[in-house]
Amino acid sequence: MAELVRAFVGLGVLSAVAAGWACGSSDSSGPQPPGVEAGVELLGGGTTIFDDTPNAYTFAARNLDSEGREVFAEGDHFFGRNWVTAPASTSGNDGLGPTFNAISCSSCHFKDGRGKPPAGKEEFVGLLIRLSVPGKDAQGAPLEEPNYGGQFNHRGILGVPGEGTSRVRYDEAPGTYVDGEAYSLRRPTYELTDLAFGPLAPGTMMSPRVAPPMIGLGLLEAISEETLLGLADEQDRDGDGISGRPNRVWNLRAGKATLGRFGWKANQPTVEQQSAGAFQGDIGITTSLFRTENCPPSQTACRAAPSGGTPNQPELTDAKLTAVTRYGMTVAVPARRSWTDPAVLRGEEAFAAAKCTSCHVPKLQTGNLEGYPALSHQTIRPFTDLLLHDMGPDLADGRPDFEATGTEWRTPPLWGVGLMKTVSKHQFLLHDGRARGFAEAILWHGGEASASREAFRAMSKDEREALIKFLESL
């Protein structure tokens, strides 16, 4: 009971700001120019919140009812909770580890925003390393590395060694725009050192992935499969050089393969499974979806460590998993700013002319999502197709994930990206945060996106700046 009381402390304050037109609103749009679509600023449709402060990613969907707001507040509490080692006097608060990367969800998703790569010799927190060896399991998932599992956990509870140390170093790769202006991209190299359980298995593949922002996830789940499959063009029949295709991944609730939507390779089908996977992989908390600890056979101390659950009861109850899931489903998308600014409009035209919209699809319609009327039948502007695209060898991790190849990545949504620096205090983009801003992120695009990258390189400086100003308005 005390736990629930704490969960609702401050609910009155949260409800007040979550009610809609939050503090820090900034309507700098001015009069609607001719030709600009009405409502274009409502990136999340009726869920859109108006706030451009450092808290812009933390609000409930504007159109949530009072019951939904209460669940949102409860889930927010569990999302920000620091978990401790079992057994603990704080019942229901334990189960951390035995090995882990972070002690809470918010450790990686600061203010529900994007994680970042470490600076210098900082510990990896918002960036994790997935591991696998060649092959697939019976459900089509990557085969885990035999001694370290599917995710490298560099930390361990008392008496349990962490698995080692993750390092990244960067080399600068110079280039020039067509107008002669120079730029430089930083190329990362990842290394796992101080390995506690011997060398990695031959052929081990590593995939660094930064924590994505939490906004709008439920709206993405509410898009019908039919809509997304309608955007796919696996054989590039229209000849535009873009051949997006869906990932098919194992859905634990459904007991079958379904469309992947979440994660950098669209390797999770639902917000619930994504959340449960993160509890297990990042924090070491078991759920009814992932009942086992991250303890490969060679990690004897890990396997002998006390658990916060029982053989029949995972560490995170279904009630708590549901609260966190509903929270993740209903975090609002902030509205656009300055969408009528002439420079922003020029940038939007340049974005479309470079065919960036072939993958970053501007507008979609959600379907009917049972249990979530606030997310259903919304016109949204996520700037994604949720499909896999070949992004070329420079961005490749070389690690297949279900049906995604080593060069394919899911198109990340762009809504809210203009507030990333305000919320997350950095602007490190792409799956591993290598890009130091929008221009570098575009210049890393290859494969199917090579033509768009080259169109950006060929723009005048004024056009490039306008395109970036457009992205900053999202």
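Per an unreviewed UniProt entry, the protein chain carries the name C-type cytochrome and comes from Pendulispora albinea.

Caption draft 1: The sheet that holds strand β3 (residues 142-143), seen in detail. Taken in spatial order, the three strands of this open sheet run β3-β2-β7, and their pairing is antiparallel. Each having just a single partner strand, β3 and β7 (205-210) make up the two edges of the open sheet. Sheet analysis places strand β2 (residues 127-136) next to β3, joined by two bridges and oriented antiparallel. When the bridges of β3 are listed, Val133 appears paired with Leu143.

Caption draft 2: Expanded view of the pairing of strand β8 (residues 248-251). Pairing of β8 with strand β9 (residues 256-259) involves four bridges; the strand directions are antiparallel. By the bridge assignment for β9, Arg248 is matched with Leu259. Between β8 and β9, which follow one another and run antiparallel, lie four residues, and Gly255 among them has a positive phi close to 70°.

Caption draft 3: Layout of the nonpolar core. Residues Phe279, Phe351, Trp415, Phe456, Leu467 and Leu471 are the most contacted members of the largest nonpolar core, which totals 98 residues. Each residue touching Phe351, except ones within four places of it in the same chain, is listed here: Cys356, Thr357, His360, Phe383, Leu414, Leu467, Phe470 and Leu471.

Caption draft 4: Up close: the state of the cysteines. A full pass over the atoms with the stated rule returns one disulfide. Disulfide pairing is shown between Cys295 and Cys302; the S-S distance is 2.0 Å. Torsion about the S-S bond of the Cys295 and Cys302 cystine: about -65°, corresponding to left-handed handedness. Residue Cys302 is classed as buried on the basis of its relative accessible area of 3%. The thiol of Cys356 is not disulfide-bonded; the next cysteine sulfur, from Cys359, is found 8.8 Å away. Residue classification places Cys356 among the buried residues on the basis of a relative accessible area of 15%.

Caption draft 5: Molecular detail of the UniProt feature "domain: Cytochrome c" (unreviewed entry) in the protein chain. Residues given the UniProt feature "domain: Cytochrome c" (unreviewed entry) here are residues 342-474. For residues 342-474, helix accounts for 35% and strand for 8%, while the C-alpha atoms at its two ends are 15 Å apart.

Caption draft 6: Geometry of the packing of aromatic side chains. One pass over the structure, following the stated rule, counts ten aromatic pairs. Each ring, one from Phe351 and one from Phe383, has its centre 6.3 Å from the other, and the planes form 70°; the classification is edge-to-face. With a gap of 32 residues between them, Phe351 in helix α10 (residues 342-353) and Phe383 in the loop between β11 (379-380) and β12 (388-390) connect regions that are remote in the sequence. Grouping residues by exposure puts Phe351 and Phe383 together as buried. Considering the side-chain rings of Phe383 and Phe470, the 6.0 Å spacing of their centres and the 70° angle between planes classify their relative orientation as edge-to-face. Of this pair, Phe383 sits in the loop between β11 and β12 while Phe470 is found in helix α14 (residues 461-473), placing the two residues 87 residues apart along the sequence. Each member of the pair Phe383 and Phe470 is classed as buried. Above the face of the Trp409 ring, Lys265 is positioned so that its terminal group lies 4.2 Å from the ring centre. A cation over an aromatic ring shows up here: Arg464 above the ring of Tyr177, its NZ or CZ 3.6 Å from the ring centre.

Caption draft 7: Layout of helix α13 (residues 450-458). Residues Ser452, Phe456 and Arg457 constitute the buried set of α13. Within α13, the buried residues cover an arc of 140° as seen down the axis, which keeps them to one side. In this structure, the buried side of α13 is in contact with β5 (165-176), β6 (182-193), α12 (438-444) and α14.

Caption draft 8: Layout of the environment of Asp282. The topology assignment puts Asp282 in helix α7 (residues 271-283). Taking the C-alpha atoms as reference points, Asp282 and Asn294, twelve residues apart in sequence, are found 9.6 Å from one another. Excluding residues within four positions of it along the chain, Asp282 makes contact with Phe100, Asn101, Ala102, Leu128, Gln151 and Gly277. Here Gln151 takes part through its side chain, which lies 2.7 Å from a polar atom of the side chain of Asp282.

Calculation notes
- Residues numbered from 1 in each chain as written.
- Predicted model: local features only at pLDDT ≥ 70, side-chain atom pairs only at ≥ 80, totals over all residues.
- Heavy atoms only, no water.
- Pairing = 2+ DSSP bridges.
- Helix = DSSP H or I, 4+ residues; strand = E, 2+ residues; numbered from the N terminus.
- Core = buried A, V, L, I, M, F, W, Y, C linked by side-chain atoms within 4.5 Å.
- Buried < 20%, exposed > 50% of the residue type's maximum accessible area, 1.4 Å probe, protein only.
- Contact = heavy atoms within 4.5 Å.
- Disulfide = S-S within 2.5 Å.
- UniProt positions renumbered as here; feature names shortened; annotations may be inferred.
- Phe/Tyr/Trp six-rings, centres within 6.5 Å; stacked < 30°, edge-to-face > 60°.
- Lys NZ or Arg CZ within 6 Å of the ring centre and 35° of its normal.
- Arc of directions from axis to C-beta.
- Polar contact = N/O pair within 3.5 Å; in protein donor to acceptor, adjacent residues only side chain to side chain.

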